[in-house]
Amino acid sequence: EDGLSGWLRYARIKGANGYHNKLPSAIVTLNATEGSPVYTAGQELSDGISGIFGKDLDFATTNTRKPPRDTTATVGTVSAYIDSNPGAADRLPELVDDGFYLSVSKGNVLILGQNERGALYGAFHYLSLLAQGNASDFTLTSNPEAPIRWVNQWDNMQDGGTHGSVERGYGGDSIFFWDGKIRDDLTRAGQYARLLASIGLNAVVVNNVNADAKTLTPENMDGLGRIADAFRPYGVQLAVSLNFAAPDTLGGLGTFDPLDETVAKWWKDLTDELYKRVPDMAGYLVKANSEGQPGPMTYNRTLADGANMFAHALKPHGGIILFRAFVYDHRTLNQTLDWKADRANAAGDYFHDLDDKFEDNVVIQIKYGPIDFQVREPVSPLFSHLVKTPSAIELQISQEYLGQQAHLVYLAPMWKEILDFDFRVDGKPSRTSDILNGKRFNRKLGGYAGVVNVGTNTTWLGSHLAMSNLYAYGRLAWDSSATSEGMLEEWIKMTFSDDKKVIDVITKLSMQSWPAYEDYTGNLGIQTLTDILLGHYGPNPASQDGNPWGQWTRADGDTIGMDRTVWNGTGFAGQYPPEIAAMYEKVETTPDNLLLWFHHVPYTQVLKSGKTVIQHFYDAHYAGSAVAQTFPQLWETLRGRPGIDDERFDHVMYRLVYQAGHSLVWRDSINTFYANKSGIADTKGRVGNHPYRIEAEAMKLVGYEPYTVSPFEAASGARCIV
Ligand code: BDP
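Residues numbered from 1 in each chain as written. Predicted model: local features only at pLDDT ≥ 70, side-chain atom pairs only at ≥ 80, totals over all residues. Heavy atoms only, no water.

J.: Got a minute to help me understand the overall build of the chain in this structure?
T.: Within the chain, the secondary structure is distributed over 19 helices and 20 strands. Whereas a compact globule of 722 residues would reach a radius of gyration of roughly 27 Å, the chain reaches 26 Å, a difference of no more than 12%. Counting over 722 residues, the chain shows a buried share of 61%. Excluding contacts between residues fewer than 6 apart, the proportion of contacts in the chain whose partners are at least 24 apart in sequence is 71%. Split by element, the accessible area of the chain, about 26800 Å² in all, is 52% carbon and sulfur. With 64 positive and 85 negative side-chain charges, the chain shows a spacing of 4 Å between the two charge centroids. (Helix = DSSP H or I, 4+ residues; strand = E, 2+ residues; numbered from the N terminus. Rg over C-alpha atoms; globule rule 2.2 N^0.38 Å. Buried < 20%, exposed > 50% of the residue type's maximum accessible area, 1.4 Å probe, protein only. Contact = heavy atoms within 4.5 Å. Areas by Shrake-Rupley, 256 points an atom, 1.4 Å probe, with all protein chains shown as cover. Lys, Arg positive; Asp, Glu negative; His and termini not counted. Charge placed at Lys NZ, Arg CZ, Asp CG, Glu CD.)

J.: Where do I start with the environment of Leu-595 in this structure?
T.: Summarising the element assignment, Leu-595 is placed in helix 17 (residues 595–598). Along the sequence, Leu-595 and Val-613 sit 18 residues apart, while their C-alpha atoms lie 9.4 Å from each other. Beyond its immediate chain neighbours, meaning those up to four positions away, Leu-595 contacts Leu-524, Val-587, Thr-590, Val-601, Gln-605, Leu-607 and Val-613.

J.: I keep staring at helix 16 (residues 578–585) and nothing clicks. Help me out?
T.: An α-helix turns once per 3.6 residues; consequently, residues spaced three or four apart project the same way. Along helix 16, the positions that sit buried rather than exposed are Ile-580, Ala-581, Tyr-584 and Glu-585. The buried side chains of helix 16 occupy one side of the element, clustering within an arc of 135° when seen end-on. In the core, the buried residues of helix 16 are packed alongside helix 17. (Arc of directions from axis to C-beta.)

J.: How should I be thinking about the site of the ligand in this particular structure?
T.: The local shell around the ligand holds 14 residues, among which Glu-167, Lys-287, Arg-324, Asp-372 and Glu-400 are the closest. Within the side chain of Arg-168, one N or O atom sits 2.9 Å away from an oxygen atom of the ligand. A distance of 2.6 Å separates an oxygen atom of the ligand from a polar side-chain atom of Lys-287. Here the ligand has 310 Å² of accessible area as a free molecule, and 97% of this is covered by the chains. Residues belonging to the shell around the ligand are distributed by class as follows: four nonpolar, two polar and eight charged. (Near = heavy atom within 4 Å. Polar contact = N/O pair within 3.5 Å; in protein donor to acceptor, adjacent residues only side chain to side chain. Nonpolar A, V, L, I, M, F, W, Y, C, P; charged D, E, K, R; others polar.)

J.: Whenever I open this one, the side chain of Asn-308 confuses me. Can you help?
T.: Mapped onto the elements of the fold, Asn-308 is located in helix 8 (residues 303–314). Relative accessible area serves as the criterion here: at 11%, Asn-308 is assigned to the buried category.

J.: Just checking my understanding: could you explain the packing of helix 13 (residues 467–478) against helix 14 (residues 484–495) for this structure?
T.: Helix-helix packing is characterised by the crossing angle of the two axes and by the distance between the axes. Their axes nearest at 10 Å, the elements helix 13 and helix 14 cross at an angle of 125°. Between helix 13 and helix 14, the interaxial angle falls into the category oblique. When you trace helix 13 past helix 14, the crossing you get is right-handed. Facing Met-467, Ser-468, Tyr-471, Ala-472, Arg-475 and Leu-476 of helix 13, the residues of helix 14 in contact are Met-487, Leu-488, Glu-490, Trp-491 and Met-494. (Axes fitted to C-alpha atoms, helices over the stretch in contact; angles between N-to-C directions. Parallel < 35°, antiparallel > 145°, perpendicular 65-115°, else oblique. Left-handed = near helix turned anticlockwise from the far one by under 90°.)

J.: Is there a simple way to explain the side chain of Arg-149 in this structure?
T.: Summarising the element assignment, Arg-149 is placed in strand 7 (residues 148–152). Those residues within four positions of Arg-149 in sequence are excluded, and the remaining contacts are Asp-98, Tyr-121, Pro-144, Gly-200, Leu-201, Asn-202, Ala-203, Tyr-448, Tyr-473, Ala-477 and Trp-478.

J.: What exactly am I supposed to notice about the pairing of strand 11 (residues 237–242) here?
T.: One face of the sheet, then the other: side chains in a regular strand alternate in exactly this way. Buried residues dominate strand 11, accounting for six of its six residues. Alternating positions in strand 11 separate into two faces, Gln-237, Ala-239 and Ser-241 on one and Leu-238, Val-240 and Leu-242 on the other, with burial throughout. Bridge analysis of strand 10 (residues 203–205) against strand 11 gives three bridges, and the strand direction is parallel. By the bridge assignment, Ala-203 is partnered in strand 11 with Gln-237. As for the winding sense of the linkage, the β-α-β connection from strand 10 through helix 5 (residues 218–231) to strand 11 is right-handed. Judged from the four bridges that link them, strand 11 and strand 12 (residues 283–286) form a sheet pairing that is parallel. Within strand 12, the position partnered with Ala-239 by the bridge is Gly-283. (Pairing = 2+ DSSP bridges. Right-handed = clockwise from strand over helix to strand, strands pointing away.)

J.: Would you explain the sheet that holds strand 7 in this entry?
T.: Within a beta sheet, neighbouring strands are joined by backbone hydrogen bonds and run either parallel or antiparallel to one another. Ordered in space as 7-10-11-12-13-14-15-16, the eight strands form a closed barrel in which the pairing is parallel. Pairs of neighbouring strands in the sheet enclose a mean axial angle of 25°, with direction left out of account.

J.: Sorry if this is basic, but what is going on with a negative patch on the surface here?
T.: A surface patch of negative charge is lined by Asp-2, Asp-646, Glu-647 and Asp-650. By the secondary structure assignment, Asp-2 is in the segment before strand 1 (26–30). Under the relative-accessibility criterion, Asp-2 is labelled partly exposed at 33%. (Patch = residues over 30% accessible without salt bridge, like charges linked within 9 Å, V, L, I, M, F, W, Y side chains within 5 Å. Salt bridge = Lys/Arg side-chain N within 4 Å of Asp/Glu carboxyl O.)

J.: Any chance you could explain the pattern of salt bridges here in plain terms?
T.: Pairing between side chains becomes possible if they bear opposite charge and their charged atoms approach one another. Scanning the model with the defined rule gives 41 salt bridges in all. Between Lys-214 and Asp-212 there is a salt bridge, with its nearest N and O atoms 3.5 Å apart. The partly exposed category is assigned to Lys-214, whose relative accessible area is 41%. A relative accessible area of 21% places Asp-212 in the partly exposed class. In this structure, the salt-bridge partner of Glu-273 is Arg-277, at a minimum N-O distance of 2.8 Å. Of the two residues, Glu-273 and Arg-277 both sit in helix 7 (residues 261–277), four residues apart, roughly one turn of that helix.

Next up, the structure:
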């Protein structure tokens, strides 16, 4: 068990033989051509039922629905079905694009998709129930909540000497690129598409948002065509991330001004070329004028001018452009000089006046929080500003700031809080999910973009347990009302087994993991305090303040937190609709978990819990790391349980032991840092008091040398041994 099949293992379930009479005996795919999603659906049904139950099925592709045996699984599109059964039209429910209808009755199964991939989604849904031991009769109509259910890969074509690396990827090299080219062997791309399709995800942006213009050489465009071919059997579409300056750097035009006609024509011709190779390309993703990337503002054009140029090129082909709201330039934010400068304001400031300026195939892709994938952020206010322009939320499955898959952090509970947040636009219910799915502002486009960053490692993400995040992402993009525990249970049953103990333990570990991580890394909305300049990983609270990106903690000897109020701070709170703005404006009404995000207060400020800020810090860091200490013990109780093979058991255990240890590093680094800074002692006498600790550099070990570490907080006295 190396993890390659993810949750699609189709492992034999308990009492498999007992199910045989509830299962179909044959599969009929309607009008399926080899390589089409309906054909794939038939194959998956055959593989799945054979794997889960040991029952082999006859397989026929036909355009009539005459069952070759008494019980049949029929799969196809609604229109193919109606062609052979004209009378059925009235009996079938309304389906939107990608939706499916599924009916199971005594081994006769009907799976109809509104389109081909909808049929495949229906087949995967049926198989997921079977894999969970549910073969009972039912009918179901399932429509996706939003049309955009994309995945972003931050894969580099070539990155210095590192060939096909993945930016902020923790699962190995790129499955798409190597040495500046598209890989010859794209087997993993197909396997990835299979996992994504099984949870209803429908497109992948294959290259990094920090895009390399060389992605668009003729040879590489041919390669992109091959990736699209690998995706197509699963109904997954290809999308491409663009470098705004490509007309100049690749095309040699000497300009990339979006209002220059030669530039617009260059993009149009290039887009036509791409569509020759990938006729079903989903569209583009663009990061512009951010972190040193080129963009329209280089020529004093608006972001809308930039986005619309691509929109025009894509429109004849039915493509869409996801234009990122992550626009900020640290070089213009000299926050050491300007106390009011706040990167959190940037997206709102840049996009606020552009709502009616975009073409109708432009979607603004907005990170969930105004800064950058932190463990706790308020939901980006920009979702409430764009009324005419559709938006997609950018979530990060890859745990860049959240332990990089070396820490278990199940993210669904965080995403649920974000999706359920009510902006109260015009005093009316306005949940993030209803803005994304188009209901609140009556829009057709919108949805979800998840930064996944899988790699060549057979575990995909570098950790078996982290795959629950990818699973939950897909499920939520389809149906945001799915519950965190419910999604976990499905995923555990398919990935491991339906053993009660296995379900209970993995659920407990996972559900405790995000709150624990927040507690031991950075709480009260202070953000994760990770090393901001290096890897975004270990503790380094000092790095938050002395650089032009951050200035986020604004901590001194007496006070801490960033004043983002309108009356006295950076004004960010005022970007929310009035009811929410009023809540965040005051210390008393701001939830404790965002207090230091919005307010600058003394360490002795008393929270709603009755504790002071500093004592809360100390206690939470102890409490969170204490939870992490229980993880290896909990996991140990699963040794040898059904579905827990040694290979995966050891792999997970290794990480949980590491997490338990690293949570102590976090606890002590942060607590000691703020104890020193504030000069206020822990009332429980723990911080800085480690009577049983033996410093590594005080030991004598043959073959090891003392070493000064950076960041210095990672070891007491900044010394460790190597
Ligand atoms: C930051 C990442 C960086 C990305 C950037 C982005 O550290 O690698 O390029 O976001 O999203 O979080 O564009």
